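# Survey of secondary and tertiary structure
These are the residues of each chain, in order.
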Amino acid sequence: MSIQKKSNWELLKNGMFGENTIFRMAISLCPSIAVTNGLKNGVALGISVMFVQTMVNITISAMRKFIHPKIRIPIFMLVIAGYVTIIDMLMATYARTIYREIGLYIQIIVAFASIFARAEVFASKNKIVPSLFDGLGMGIGFLLAMIVISFFRELLGKGELFGYSLISGNPLLIMILPAGGFLAVGLLMGFFNWVDMKFYGGKGASGV
Amino acid sequence: MDFFKLLELVVAASLINNFVFTRFLGLCIFFGVTKKMETAVGMSITFTAVMVVSAAISWVVYEQIMIPLDLTFLKIIIFIGIVAAFVQSADTIMKKVSPSMYYKLGVYLALITTNCIIIAVPLINAGEHYSFFESMAFGLGSGLGFALALLIMASIREKLEVADVPAPFKGLPISFIIAGLIALAFTGFSGLITL
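Residues numbered from 1 in each chain as written. Chains lettered and ligands numbered in written order. Predicted model: local features only at pLDDT ≥ 70, side-chain atom pairs only at ≥ 80, totals over all residues.

## Overview of the interface of chain A and chain B
To keep things clear, this is the line we draw: It is the C-beta atoms, placed from the backbone, that decide contacts: two residues are in contact if theirs lie within 7 Å. Strands are runs of DSSP state E lasting at least 2 residues, helices are runs of H or I lasting at least 4, and numbering of each runs from the N terminus. We call Asp, Glu, Lys and Arg charged. Ala, Val, Leu, Ile, Met, Phe, Trp, Tyr, Cys and Pro are nonpolar, and the rest, Gly among them, are polar.
Facing the 39 residues of chain A at the interface are 35 residues of chain B. Residue assignment for the side of chain A that touches chain B shows that the elements contributing at least two residues are α3 (30–34), α5 (72–94), α6 (96–107), α7 (113–123) and α9 (178–200) of chain A. Examining the composition of the side of chain A that touches chain B, we find that twelve residues originate from one element, α9 of chain A, more than from any other. Residues that form the side of chain A that touches chain B fall into these classes: 28 nonpolar, ten polar and one charged.

Below is the structure:
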């Protein structure tokens, strides 16, 4: 497999940019809109996903020789659900105010296509260290996307960042409404496609 | 059992708190299958059916087994297990009983496990302590709401095929912007009824 020859740095970079979960692969989109109305929530969810993604990759990679291919899907699901439960309980105990707002979305990490896909495509075929970097890269990519989206939404919608007021006057209320989430992601995705086409000669995100 | 309460739940779950446009769940499938009307219809039917049944099964397991045994902290693992097992068995049964239907709708069954709504509905039911019939009504409403979203989106995206969209916005980005506009329309439903 050619993918094994990639260095750890390349694996990290691939997750962060080349196969960025939200802007390039366009999977696991739900939280990118649901919790990005403020930077705090976006970062909290991004970090949770990063943790789950990395730990799942490590665990699946460590167990890859013992998992029978026929029952791999339920096993992946159980491993993911286990780590999601851990993060869910940790958040419920130590970060109550955030948990009250994004609790449901934390629990829903369990149904994330991106985590499952990396376990299936990468971790179940590779050694532990490359899997760790792959998971970390994917997680960081997701976190970056969340930061970018929530940065624009909070700044334009409330005139604040992390809750600190920066711009006075009437903010664009639409950006923190549900509709603004879709608009923000659509415009950012279009922008990244444009950058990719203009400067790297790519064809843009293939999309669905 | 109050019939109007149930009706209210259905309307609330499908229009006011529409999963796609106000809670942003199930987006992967929402953008995945709305390219063609045919797939959107297939997905809507399969999804609504699975939703109601899995809401009912999860309710029974949660209220009758997990609460008495004090196992509620395992709810994420158990619900995803129930949904996966149910989808898998529905897949097998359908293949055996009605092959023609399986060829039409079987593909969507496999996709459903990766849909966030399917896990969100049991979790919300458990959180709100809905009764058995309320849980089913909520499941039905969510399914109908999702179906409505799929059909609206699919009919717009079919028209989009012939539209002249700027190159970087082709495909997904423009779909997101359209979804944003529909979501804006759906905010008009808020306050339609208060529970």
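## Some points on α5 of chain A
Put simply, the rule is: To estimate the expected span of a helix, count its residues, drop one, and scale the result by 1.5 Å. Whether a residue is buried, exposed or partly exposed follows from its count of other C-beta atoms within 10 Å of its own C-beta, namely 20 or more, 12 or fewer, or something in between, respectively; the C-beta atoms are built from the backbone.
With 23 residues, α5 of chain A should reach 33 Å at 1.5 Å per residue; the first-to-last C-alpha distance of 33 Å fits that figure. When α5 of chain A is considered as a whole, its buried residues turn out to be Phe76, Met77, Val79, Ile80, Ala81, Tyr83, Val84, Asp88 and Met91 of chain A. Those residues of α5 of chain A hidden inside the fold are in contact with α4 (39–63), α6 and α7 of chain A together with α4 (75–97) of chain B.

## Notes on the confidence of the model for chain A
We count it as follows: Values of pLDDT, ranging from 0 to 100, describe the predictor's confidence in every residue of the model.
Per-residue confidence for chain A averages 79 on the pLDDT scale, and 91% of its residues sit at or above 70. By mean pLDDT, helix α2 (residues 21–25) of chain A is the weakest element of chain A at 71, and α4 of chain A is the strongest at 87.

## Thoughts on helix α1 (residues 3–16) of chain B
Since there are 3.6 residues in each turn of an α-helix, residues three or four apart along the chain are aligned in direction. Residues and elements named next belong to chain B. When the terminal C-alpha atoms of α1 are compared, their 19 Å separation across 14 residues agrees well with the 20 Å that a helix rising 1.5 Å per residue should span. Among all positions in α1, only Leu9, Ala12, Ala13, Ser14, Leu15 and Ile16 are buried. Those residues of α1 hidden inside the fold are in contact with α7 (132–160).

## Observations concerning the packing of helix α1 (residues 8–18) of chain A against helix α8 (residues 128–158) of chain A
Residues and elements named next belong to chain A. Applicable threshold: In this analysis an axis means a line fitted to C-alpha atoms, helices contributing only their contacting stretch, and an angle means the value between N-to-C directions, from 0 to 180 degrees. Roughly parallel means an angle under 35 degrees; roughly antiparallel, over 145; roughly perpendicular, 65 to 115; everything else is oblique. We call a crossing left-handed when the near helix sits turned anticlockwise from the far one by less than a right angle, and right-handed when that turn is clockwise.
α8 packs onto α1 with a crossing angle of 30° between their chain directions and a minimal axis gap of 7 Å. As the angle between them shows, α1 and α8 are arranged roughly parallel. Note on packing geometry: the crossing formed by α1 with α8 is right-handed. Residue-level inspection shows Asn8, Leu11, Leu12, Lys13, Asn14, Gly15, Met16 and Phe17 of α1 in contact with α8, the latter providing Pro130, Phe133, Asp134, Leu136, Gly137, Met138, Ile140, Gly141 and Leu144. Grouping the constituent residues of the contact of α1 with α8 by class yields ten nonpolar, five polar and two charged.

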